[in-house]
Amino acid sequence: MSADAPELVLSGGTVHTPGGAVQADVAVREGRILGIGSYPDAARRIDCTGLDVLPGVIDSQVHFREPGLEHKEDLETGSRAAVMGGITAVFEMPNTSPNTDTADRVHDKLARAHHRMHCDHAFYVGATADNAVELAELERIPGTAGVKIFMGASTGSLLVAEDEQLARVLAHGRRRVAIHAEDEARMNARKDLRIEGDPSSHPVWRDDESAMLATRRILRLARAARRPIHILHVTTPAELEVIAQHRDIATCEVTPQHLTLAAEEAYPAIGTFAQMNPPIRSAAHREGLWHWLRQGMPDVLGSDHAPHTREEKAKTYPASPSGMPGVQTLLPLMLDHVAKGRLTLERLIDMTSSGVQRVFGLVGKGRIATGYDADFTVIDRKGRFTVTEDWVESRCGWSPFTGMELEGRVVGTIVRGHAAMWEGQLANRAVGEPLRFAGAL
C-alpha cells in the first residue's frame, strides 16, 4: 500500500456532496477528506452499502451545564449524547455557573472540553452590561462561537434587557451575535397570567407578542449598529415573516421540538416536561413554522438541549425550570419528518451542516469536499426505532419524545476520521477539538 493511500475509506454509500448525492467512496487521511471516488486500497474500510453518508451534523445551540450545574449534565455526558445522535460538533451556551463571560472562563471551558468531549465544540461568550467593551476581544478567542445575548430572563442570570445596553453590546465586535429574543418588560408585566399547577399557561405568559417585541427591537438595533445577528429558537410564524424582511443582517433558527410538539397535546401529556423558553405553542404555530421552512426560512436547526433532572422538572408549575434535552433526538426527529415528506434530506443537510457553516463562518466543516474535515453522519433512512429512556445518554435520563417510533436511524458519527460512535457503541476515547471560525483565526 502506497504512503499516500487513504487511512480510512467509507465505501459503497450514498454520499451527499455539494453537487448532490453520488454513489462513491470517501477517502480520509490525517483527519481530512482526501477525495471522493473509487478507492480500493485503504488501511481501514467501513462498509456503508445501503446507507447515506451526510456531512457531519452540527448542533449550534446546546446547554451542557458545566461548570456549576453538573448534576444535570456535563461536557462529557452532553457530548456523548451528541455523538449517539449523529452530531459531530456543537456550539455550547454561556449560562453556566459561573457565567461564561470572561476570557478566563472561556479558556476554562476549552480546557475542560479537551479530549473529554466526544465531538468538536465551540463556546459562546455571554454578553452582560459590564463586559460590553471587552466583547470585541472575547469573540476572537479561538474556540468561541461568538457572543450570546439573553434579552429575556431564562435559566441562569445572564440578561441584557434595555435598548441602551443592547446597543453597547452590538457596538463592540464584528461577528454574528446570537439572540434569545423575548421581551423582559412584557413578561414581567404578565407574570400574574401564570396559573399554579398549569404549565399550559406558560405560552399565555410568554406570549407571541413577548417574542415579536424583542425580535423587532433587536432587528432595529442591529441595523443601527450594522451588526449581523442570529435569532435563536423562533416560535412564531409572524416573527419569521418579519425576519424575512431583514435578511441582510438577520439569520434565524428553529428547533425540532417546536416543529414536532404542539401545546394542545404536549402539556396534557407530559406537563412541565414540555416547558421551555420560548414555549411550545399551538398546532397552528407549528404548522406556520413548517410553512416558513418551505419558504427557505429559517437558516439552521438547533436543539436548544437544556436538561434538568426529573425531580426539578416535576416541581409544580411555575416553580419548575424551563428546558428539555434534545441534542440526541435532533437528527432522528428530523429524519422522521423527512420520511413523512415534510422536508427533503437536502434541506435538512442545509440546515444542519452547510447552513451552519455559511451563517457562522465555520472553517473546514459543513460539507463533504476534498480538504474539509472528515466529519460524517451515517444514517439508515429506512431504519426504524423507538425512543426509549435507556437509549438517552444525557445525564438527565429522560426525553419528551420517549415512546415515539421514528423512521430514520443514526448508524455512525465520524469526527475528523475517528468513529466516535458506530452502531450504538461509543468510542473508548474522546477526541473533541475546538471549532475554528473565519472571524476568530
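Residues numbered from 1 in each chain as written. Predicted model: local features only at pLDDT ≥ 70, side-chain atom pairs only at ≥ 80, totals over all residues. Heavy atoms only, no water.

**Some thoughts on the nonpolar core**
Here is the rule: Residues belong to a common nonpolar core when they are buried Ala, Val, Leu, Ile, Met, Phe, Trp, Tyr or Cys residues joined through side-chain atoms within 4.5 Å. In this scheme, a residue with accessible area under 20% of its type's maximum is buried, one over 50% is exposed, and one in between is partly exposed, where area comes from a 1.4 Å probe on protein chains only. Secondary structure follows DSSP: runs of H or I at least 4 residues long count as helices, runs of E at least 2 residues long count as strands, and numbering of each begins at the N terminus. Pairs of residues are marked as contacts when any of their non-hydrogen atoms sit within 4.5 Å.
Grouped together as the largest cluster of nonpolar side chains are 72 residues, with contacts concentrated most on Val90, Ile149, Ile229, Ile231 and Leu348. A total of six residues in this core trace back to one element, the largest contributor, which is helix H7 (residues 208–225). For Ile229, the contacting residues outside a window of four places in its chain are Leu170, Arg176, Val177, Ile179, Ile218, Leu219, Ala222, Ile249, Ala250 and Thr251. If you look at the next biggest cluster of nonpolar residues, it comprises 17 residues, including Ala266, Tyr267, Val392 and Trp398.

**Notes on helix H1 (residues 75–84)**
Heads up, the condition is: Each polar contact in these results corresponds to two N or O atoms within 3.5 Å; when the atoms are within protein, one needs to be able to donate a hydrogen and the other to accept it, and residues that are neighboring in sequence are counted only if both atoms are side-chain atoms.
Within H1, nine of the ten residues are buried, which leaves it mostly tucked inside the rest of the structure. For H1, the set of buried residues is Leu75, Glu76, Thr77, Gly78, Ser79, Ala81, Ala82, Val83 and Met84. Its side-chain oxygen at 2.9 Å from the backbone nitrogen of Glu76, Asp74 defines the N-terminal cap of H1. Just past H1, the residue Gly86 takes up positive phi, approximately 90 degrees.

**A short note on the packing of aromatic side chains**
Threshold: Here a Phe, Tyr or Trp ring, Trp counted by its six-membered ring, pairs with any other such ring whose centre lies within 6.5 Å, and the pair is stacked when the planes are under 30 degrees apart, edge-to-face when over 60, and tilted otherwise.
Inspection of every chain in the model, using the stated rule, returns five aromatic pairs. A ring pair is formed by Phe91 and Phe360, whose centres lie 5.1 Å apart and whose planes are at 80 degrees; its orientation type is edge-to-face. Of this pair, Phe91 sits in strand S7 (residues 87–92) while Phe360 sits in helix H14 (residues 345–360); the two residues are 269 residues apart in sequence, bridging distant segments of the chain. Accessibility classification places Phe91 together with Phe360 in one group, the buried group. Centroid distance Phe273 to Trp398: 4.9 Å. Interplanar angle 90 degrees. Geometry classified as edge-to-face. In this pair, Phe273 sits in the loop between helix H10 (263–270) and helix H11 (283–294) while Trp398 sits in the loop between strand S14 (376–386) and strand S15 (405–415), placing the two residues 125 residues apart along the sequence. Accessibility expressed as a relative area gives 22% for Phe273, which makes it partly exposed. Overall, the relative accessible area of 2% leaves Trp398 in the buried class. Here the aromatic cluster, defined as three or more aromatic residues joined through ring pairs, consists of Phe91, Tyr124, Phe360 and Phe437.

**Some remarks on the pairing of strand S10 (residues 177–180)**
Note on strand geometry: in a regular strand, side chains alternate between the two faces of the sheet. For clarity, the threshold we go by: By this definition, two strands are paired if DSSP reports at least two bridges between them.
In S10, alternate side chains face the same way, and those of Val177 and Ile179 on one face and Ala178 and His180 on the other are all buried. When strand S9 (residues 144–150) meets S10, the two strands line up parallel, connected through three bridges. Bridging from a neighbouring strand, Phe150 pairs with His180 of S10. Examined bridge by bridge, S10 and strand S11 (residues 229–231) share three bridges and lie parallel to one another. Note on S11: the bridge partner recorded for Ala178 is His230.

**As for the sheet that holds S7**
How we decide: To get an axis, fit a line to the C-alpha atoms, keeping to the stretch in contact for a helix; angles then go from 0 to 180 degrees between the N-to-C directions.
Read from one edge of the open sheet, eight strands run S6-S7-S8-S9-S10-S11-S12-S13, paired in parallel fashion. Two strands close off the open sheet at either side, each with one partner strand: strand S6 (57–62) and strand S13 (300–301). The sheet contact formed by S7 and strand S8 (residues 120–126) spans four bridges and is parallel. Within S8, the position partnered with Val90 by the bridge is His121. Relative to S9, helix H4 (residues 163–170) is tilted by about 170 degrees, and along the sheet it contacts S9, S10 and S11.

Purely geometric numbers; function is a separate question.
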